[in-house]
Amino acid sequence: MLSEGGYGSLTIEGAAQRSGVAKTTIYRYWPTKAALTAEVLRRRTDIGVMPDSGDARADLISFLSVNLRNYAAQDPAVLLPAFWDTLGDAAHRRELRDQVLDRRRNMGRALLARLIDDGALPAATDIDLLLDMWAGFALYRFGLREKRVTLAAITALVDLVLAGTVPLKTVPPKPVPPKTARRPGQDGDPGTPAGDPDD
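Please read all numbers here as calculations on a predicted model, not as lab measurements.

Colleague: Whenever I open this one, the overall build of the protein chain confuses me. Can you help?
Modeller: When its secondary structure is counted, the protein chain shows nine helices and zero strands. In sequence order, the secondary structure elements of the protein chain are arranged as α-α-α-α-α-α-α-α-α. Counting all 199 residues of the protein chain, 33% fall into the buried class. On the protein chain, roughly 12,400 Å² of surface is accessible, and the fraction owed to carbon and sulfur atoms is 56%.

Colleague: Which parts of the structure should I look at to understand helix α5 (residues 56-72)?
Modeller: Since the α-helix advances by 3.6 residues per turn, residues separated by three or four positions end up pointing in the same direction. End to end, α5 covers 24 Å across 17 residues, agreeing with the expected 24 Å (1.5 Å per residue, within 8%). Those residues of α5 not exposed but buried are A56, D59, L60, I61, F63, L64, S65, V66, L68, N70 and Y71. Two to three positions downstream of the cap, the backbone nitrogen of R57 sits 3.0 Å from a side-chain oxygen, assigning the N-cap of α5 to D55.

Colleague: Even after reading the chapter, I still don't get the packing of aromatic side chains, so can you show me in this structure?
Modeller: For any pair of aromatic rings, the description consists of the separation of the ring centres together with the inter-plane angle of the planes. Applying the stated criterion to the full structure yields one aromatic pair. Geometrically, the ring pair formed by Y29 and W30 is tilted, given 5.8 Å between the ring centres and 50 degrees between the ring planes. Residue classification places Y29 among the exposed residues on the basis of a relative accessible area of 56%. It is R104 that lies over the ring of F63; its NZ or CZ is 4.2 Å from the centre.

Colleague: Help me understand the packing of α5 against helix α8 (residues 127-144) in this model?
Modeller: Packing of α5 against α8 leaves a shortest axis separation of 11 Å and a crossing angle of 30 degrees. The angle between the axes of α5 and α8 places the two elements in the roughly parallel class. Pair α5 / α8 crosses with right-handed handedness. Residue-level inspection shows L60, F63, L64 and Y71 of α5 in contact with α8, the latter providing L131, W134, A138, L139 and F142. Of the residues in the contact of α5 with α8, the class split is nine nonpolar, no polar and no charged.

Colleague: I would appreciate a short explanation of empty space enclosed by the protein in the present structure.
Modeller: Rolled over the atoms, a probe sized like a water molecule indicates the empty space that remains. Summed over the entire model, instances satisfying the criterion amount to one cavity of 30 Å³ or more. Of the pockets and cavities examined, the largest cavity occupies roughly 70 Å³. What lines the largest cavity is L64, N67, W134, A135, F137, A138, V149, I154 and L157. Of all the elements in the fold, those that place two or more residues in the lining of the largest cavity are α5, α8 and α9 (151-162). Considered class by class, the residues forming the lining of the largest cavity number eight nonpolar, one polar and no charged.

Colleague: Looking at this model, I keep getting lost on the pattern of salt bridges. Mind explaining?
Modeller: When the charged atoms of two side chains with opposite charge come close together, those side chains can pair. In total, this model carries eight salt bridges according to the counting rule given. Across the pair R114 and D59 runs a salt bridge whose closest N-O atoms are separated by 2.8 Å. Here the residue R114 occupies a position in helix α7 (residues 90-117), and D59 occupies one in helix α5, the gap between them amounting to 55 residues. Since its relative accessible area comes to 22%, R114 is described here as partly exposed.

Colleague: Where do I start with the side chain of D59 in this structure?
Modeller: Judged by relative accessible area, D59 falls into the buried class, the value being 3%. A polar atom in the side chain of D59 sits 2.8 Å from the side chain of R114. Other than its neighbours up to four places away in sequence, D59 contacts P51, D52, S53, G54, L111 and R114.

Calculation notes
Residues numbered from 1 in each chain as written. Predicted model: local features only at pLDDT ≥ 70, side-chain atom pairs only at ≥ 80, totals over all residues. Heavy atoms only, no water. Helix = DSSP H or I, 4+ residues; strand = E, 2+ residues; numbered from the N terminus. Buried < 20%, exposed > 50% of the residue type's maximum accessible area, 1.4 Å probe, protein only. Areas by Shrake-Rupley, 256 points an atom, 1.4 Å probe, with all protein chains shown as cover. Expected span 1.5 Å × (residues − 1). Polar contact = N/O pair within 3.5 Å; in protein donor to acceptor, adjacent residues only side chain to side chain. Phe/Tyr/Trp six-rings, centres within 6.5 Å; stacked < 30°, edge-to-face > 60°. Lys NZ or Arg CZ within 6 Å of the ring centre and 35° of its normal. Axes fitted to C-alpha atoms, helices over the stretch in contact; angles between N-to-C directions. Parallel < 35°, antiparallel > 145°, perpendicular 65-115°, else oblique. Left-handed = near helix turned anticlockwise from the far one by under 90°. Contact = heavy atoms within 4.5 Å. Nonpolar A, V, L, I, M, F, W, Y, C, P; charged D, E, K, R; others polar. 1 Å grid on protein atoms, 1.4 Å probe; cavity = no way out; pocket = protein on both sides within 12 Å on 5 of 7 lines; lining within 4 Å. Points joined across faces, edges and corners; volume = space filled by probe spheres on them. Salt bridge = Lys/Arg side-chain N within 4 Å of Asp/Glu carboxyl O.

Encoded structure:
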């Protein structure tokens, strides 16, 4: 139904009729349209496997290519309304994050941490910010511009990273203790003489 008529066409009644079961059966597992949509998004998303070829460039391209395949299999007119509605419900947002988004993100964290250990990326690489940048690029291009995420684009992103163009962790400056006013006679300060020396 999502593929045929978009998110607006999806109803619990229609899903029950299409699947040949009672509405109560649908509601038992997916009490809302958002819950049903979260399940559809989960099933349509390929988590992938951890690449480990020994080649940093090939592994990064392989990791990002899973995102490419996931987006290529979707119609933005269908995916985005469904995605945003699912995010509007805290329970279903958590379910989608736990079952799909975090699994992919944790794989990305592990891959980037390994490449840092291998010396392929700077030790100060901000892993979470880099993953956010990649995800933001894909969502913006696919969702807002309605352009396909291409292999050439993700290869260019990988080459930028391996050339050293990565976000780095920033170290906050150490706080400077406030200066305290010294009293006369403190810390070797002779202070003001008690009287006029000529007296």
